[in-house]
Amino acid sequence: MTRQRKPQTITFDEFVAWYPENSVHKYELHNGVIVEMPLGTGDHSEVTGFIHSKLAVEIDRRELPYSIPGDCLLKLSRDEAGYQPDVIVLDRTALANEPRWKKESIITMGSSVRLAVEVVSTNWQDDYLVKVADYERLGILEYWVVDYAALGGRRFIGNPKQPTISVYQLVDGEYQISQFRGDDIVESLAFPELKLTAEQIFRAGLPATEPS
């Protein structure tokens, strides 16, 4: 019988040192193993870009002390994990206390993050299971799982499955979840005046198709 060799695990700092400069691919560190993130579909990219643009407009409109960085790596409480959310909103006033931000674009404290967003793709278990626990442990105040194609398991988005935005908000150190579908307006602590429905996000702002 041939035994498979267990992949060599590395630490977060080894991952940072390994990360290729100007890489066209995005990588994360999962349980000490480097994972190349799959290239998103066109729909995934549209939804991600729509969320990014709407939040940027709201930051500008309200003159909020937030920023949406082009590159950002989250160092988790576990030394064998590092993530790059699809969209991340940082509190600019907190960045002065981040020891690795200026030189490495690394965030080490959950209090520096006002909102993290993951747009679900085929690796939905990471978004619903692993990252929820890691972001809660790090103390990230708000986390959205945007499941526009209803890929997640039924225990996460219901039966029958339907497109769902799950909003996790930190209350007394634990995430409380609210879910939004269809014409529900998504409620956000970081962006309380944001007036977007779940369906607008799922369609990336495109108008609904009229029935023929």
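Refer to the structure above for everything that follows.
A few points on the structure. (Residues numbered from 1 in each chain as written. Predicted model: local features only at pLDDT ≥ 70, side-chain atom pairs only at ≥ 80, totals over all residues. Heavy atoms only, no water.)

## Details of the nonpolar core
Nonpolar side chains in soluble globular proteins tend to end up buried together. Rules: In these notes, a set of buried Ala, Val, Leu, Ile, Met, Phe, Trp, Tyr and Cys residues joined through side-chain atoms within 4.5 Å is what counts as a nonpolar core. Relative accessibility decides the category of a residue: with a 1.4 Å probe and only protein chains considered, values under 20% of the type maximum give buried, values over 50% give exposed, and everything between is partly exposed. Starting at the N terminus, helices and strands are each numbered in turn, a helix being any DSSP run of H or I of at least four residues and a strand any DSSP run of E of at least two. A contact between two residues is defined here by any heavy atoms of the two lying within 4.5 Å.
Judged by nonpolar contacts, the single largest core of 28 residues is most densely connected at Ile51, Leu55, Trp144, Val146, Phe191 and Ile201. Contributions of two or more residues to this core are made by helix 2 (42–62), strand 6 (87–91), strand 8 (113–119), strand 9 (142–147), strand 10 (164–171) and helix 6 (198–202). Per element, the largest residue contribution to this core is 5 residues, and it comes from helix 2. With near-sequence residues (within four places) excluded, Val146 lies in contact with Val47, Ile51, Val117, Glu118, Val119, Val120, Thr164, Ile165, Ile201 and Phe202. By size, the runner-up hydrophobic cluster in this structure holds 26 residues, among which are Val113, Tyr143, Ala150 and Phe156.

## Here we look at the sheet that holds strand 11 (residues 174–180)
Strand pairing within a sheet occurs via backbone hydrogen bonds; the two strands may be parallel or antiparallel. For the record, the criterion: Any two strands with at least two DSSP bridges between them are considered paired. Axis lines are fitted to C-alpha atoms, over the contacting stretch for helices. Their N-to-C directions set the angle, which ranges from 0 to 180 degrees.
The 6 strands lie next to each other as 3-6-8-9-10-11, forming an open sheet whose pairing is mixed. For this open sheet the edge positions go to strand 3 (66–67) and strand 11, each flanked by a neighbour on one side alone. Its contacts with the sheet put helix 4 (residues 124–138) on strand 8, strand 9, strand 10 and strand 11, and the angle it makes with strand 9 is roughly 170°.

## A few points about the packing of aromatic side chains
The criterion, for reference: Planes of paired rings set the category: under 30 degrees apart is stacked, over 60 is edge-to-face and the rest tilted, where pairs are Phe, Tyr or Trp rings (Trp by its six-membered ring) whose centres lie within 6.5 Å.
Summed over the entire model, instances satisfying the criterion amount to 13 aromatic pairs. Between Trp124 and Phe156 the ring centres are 6.1 Å apart and the planes differ by 65°, which places this aromatic pair in the edge-to-face class. With a gap of 32 residues between them, Trp124 in helix 4 and Phe156 in helix 5 (residues 154–157) connect regions that are remote in the sequence. Taking relative accessible area as the criterion, Phe156 reaches 15% and is therefore assigned buried. Note on Tyr128 and Phe156: the rings are 4.8 Å apart at their centroids and 20° apart in plane angle, and the pair reads as stacked. Within this pair, whereas Tyr128 is found in helix 4, its partner Phe156 is found in helix 5, the two being separated by 28 residues in sequence. With a relative accessible area of 3%, Tyr128 lands in the buried category. By way of ring pairs, the aromatic residues Tyr83, Tyr135, Tyr143, Tyr168 and Tyr175 are connected into one cluster.

Nothing here speaks to function; it is geometry throughout.
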